[in-house]
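# Breakdown of the fold
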Amino acid sequence: MNKNRVKENLIVVVVGIIVLLVLSNLATFRGAVAFVVGVFIPVTYGFIIAYILRGPFNFLRDKALRYKGDGTYFDKLKPVLALLLSYTLFIGFVVVLLMIVVPQIWESINTLVPEIQKQYIIAEEYVEQLLIELNLTVPEIWVQIEATWQQLLGIVTGWLSSLIPSLMNWIFSITSSVINMVIALVFSVYFLLGKETLGRQVKQVTYAIFREKTATYLVHVKTVVDKAFSGFIAGQLLESCIVGFLCSIGMTIFNFPYVMLVSVIIGVTNIVPMVGPWIGTIPASFIILMADITDPMKVVWFILFIVVLQQLESNLIYPRVVGSSLGLPGFWVMFAITIGGNLLGLIGIILGVPSAAAIYKLSREATYNRLKAKQLKIE
């Protein structure tokens, strides 16, 4: 057995041991991740902001302003102008979204909570009247159903009542430290303006440490991972906004209640691939039912509307917006969602898919290269 084979087997064993330790100590792993993120909060937030704004920044700098890098005074101002425009658009979008969406969601929740209680009383009186007309006593099963229904109402009402406060607490927890946010913005500016220089320095260090063949492969891995994450995150966010917007238009046309609240739920849950839309349909259908419990057909029509919307999203919007940047079969998407959710919760679900897409592409490349080296062709 040659040295390369020993080295490959050793790497496989070490990776296997690391994966086994992580899976057997999930609580410790989560705590370690939370600690590292907590220490590097400004840098982490700055990197996330820069990663989100990288696409608009590149478009404004290279396409709109046509930056050439020729060293002239006006050309040097183009990256700075693109940076200012990117941040202005980003902050303006967030402010407008909060000003339009949050008040309407809050109003919908304040209307929906008493409506749930009202519809429950109507349903209870209807059943009691029906039992009296049929000369029947209230069976024990109905008592159990009623108790279960009251518990369900309490859970849903509590969830709806705490939705906006929880959202605001989450927002305030992110922005609780003004200093950290200012530092994060400064880091994001440096990341955006110096990303080419930073990338070149990392590449130089990589080639200085590793052999040329290994360094070239590591640079290729970085390119694949970056493409998978940037394409997925940008595409998924844009697609969720489009789906939420189309949902609000459709609900307005078909006169469904609580348009803004339901559209936000459908749009936000659509960030999670495959299962997200159907997860959002469950609470959305319940909200539609609570608007008028005597008209359950409205829920049926709403579910049919969501099915049509998801077909439109799957066959037209998703391929064009997210495109082939994912390139991951459905089985591995579900696998990534399951493993990512168990490891890091919601963040793991969202980030697990592009991670799996990158691993899948690199594994395919390695497999085909080995088959080619062995001169094997497997159909």
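Residue numbers here run from 1 along each chain, matching the order of that chain's written sequence. Thresholds applied to this predicted model are a pLDDT of at least 70 for local features of residues and 80 or more for the giving and counting of side-chain atom pairs; totals over whole chains, interfaces and linings are not thresholded and use all residues. Computation of side-chain values: all heavy atoms of the structure, hydrogens and water removed.

### Quick word on the overall build of the chain
Under the convention used in this document: The secondary structure listing takes helices from DSSP runs of H or I that are at least 4 residues long and strands from runs of E that are at least 2 residues long, numbered from the N terminus. Any pair of residues with heavy atoms lying within 4.5 Å of one another is described as a contacting pair.
Secondary structure summary: the chain contains twelve helices and zero strands in total. Helices and strands appear in the chain in the N-to-C order α-α-α-α-α-α-α-α-α-α-α-α. Counted over contacts in the chain with a minimum sequence separation of 6, partners at least 24 positions apart contribute 74%.

### Overview of the packing of aromatic side chains
Operational definition: Pairs were defined over the aromatic rings of Phe, Tyr and Trp, the Trp ring being its six-membered one, requiring ring centres within 6.5 Å. Orientation was assigned from the angle between planes: stacked under 30 degrees, edge-to-face over 60, tilted for the rest. Look at NZ for Lys and CZ for Arg. If either is within 6 Å of the ring centre and within 35 degrees of the ring normal, a charge sits over the ring.
Under the criterion given, the structure shown has eight aromatic pairs. Joined through ring pairs, the aromatic side chains of Phe-47, Tyr-51, Phe-187 and Phe-191 make up one cluster. Sitting over the face of the ring of Tyr-51, Arg-54 holds its NZ or CZ atom 4.8 Å from the ring centroid.

### Concerning the side chain of Glu-239
The line we're drawing: For this analysis, a polar contact is any N or O atom pair within 3.5 Å, provided that within protein one partner can donate a hydrogen and the other can accept it, and provided that sequence-adjacent residues contribute only side-chain to side-chain pairs.
Relative to the assigned elements, Glu-239 resides in helix α8 (residues 212-253). There is a polar contact of 3.3 Å between the side chain of Glu-239 and the side chain of Gln-236.

### Quick look at helix α3 (residues 41-64)
Which entries qualify depends on this criterion: Take the residue count of a helix, subtract one, and multiply by 1.5 Å to get its expected span. Think of it this way: the bend at a residue is just the angle between two axes, each fitted to seven residues, one set ending at that residue and the other starting at it. A simple rule labels every residue: compare its accessible area, found with a 1.4 Å probe on the protein chains alone, to the largest value its type can have, and call it buried under 20%, exposed over 50%, or partly exposed in between.
Compared with an ideal rise of 1.5 Å per residue, which puts 24 residues at 34 Å, α3 spans 33 Å between its outermost C-alpha atoms and is within 8% of the ideal. The largest bend along α3 measures about 45° and falls at Arg-54, with the proline Pro-56 one to four residues further on. Looking at α3, one finds that the buried residues are Pro-42, Gly-46, Ile-49, Ala-50, Tyr-51, Leu-53, Phe-57, Leu-60 and Arg-61. Once α3 ends, the next one or two residues include Arg-66, with phi positive near 55°.

### Section: the nonpolar core
As a reminder of what qualifies: In plain words, nonpolar cores are sets of buried Ala, Val, Leu, Ile, Met, Phe, Trp, Tyr and Cys residues tied together by side-chain atoms within 4.5 Å.
By size, the foremost hydrophobic cluster in this structure holds 18 residues, and its most contacted members are Met-251, Val-262 and Phe-302. Those elements that place two or more of their residues in this core are α8, α9 (259-269), α10 (276-291) and α11 (297-321). No other element matches the five residues that α11 contributes to this core. Once you skip the residues sitting within four places of it in the chain, Met-251 turns out to touch Phe-256, Pro-257, Tyr-258, Val-259, Val-262, Ser-263, Ile-288, Phe-302 and Phe-305.

### A word on the confidence of the model for the chain
Operational definition: What pLDDT expresses is the predictor's confidence in each residue, scored from 0 to 100.
Per-chain confidence: the chain averages 76 in pLDDT, with 72% of residues scoring 70 or above. Averaged pLDDT values for the elements of the chain fall to 60 in helix α5 (residues 140-174) and rise to 87 in helix α7 (residues 195-209).

### Regarding the side chain of Lys-78
With respect to the helices and strands, the residue Lys-78 is situated in helix α4 (residues 73-133). Lys-78 sits in the buried class, given a relative accessible area of 11%. A distance of 3.0 Å separates the side chain of Lys-78 from the backbone oxygen of Leu-65, its partner in a polar contact. Setting aside residues no more than four positions away along its own chain, Lys-78 makes contact with Leu-65, Arg-66 and Tyr-67.

### Quick look at the environment of Leu-312
Inspection of the secondary structure assignment puts Leu-312 in helix α11. On the basis of relative accessible area, Leu-312 is assigned to the partly exposed category, the value being 36%. Between the C-alpha atom of Leu-312 and that of Val-243, which follows or precedes it by 69 residues, the distance is 9.3 Å. Setting aside chain neighbours within four positions, we find Leu-312 in contact with Leu-246 and Ile-317.

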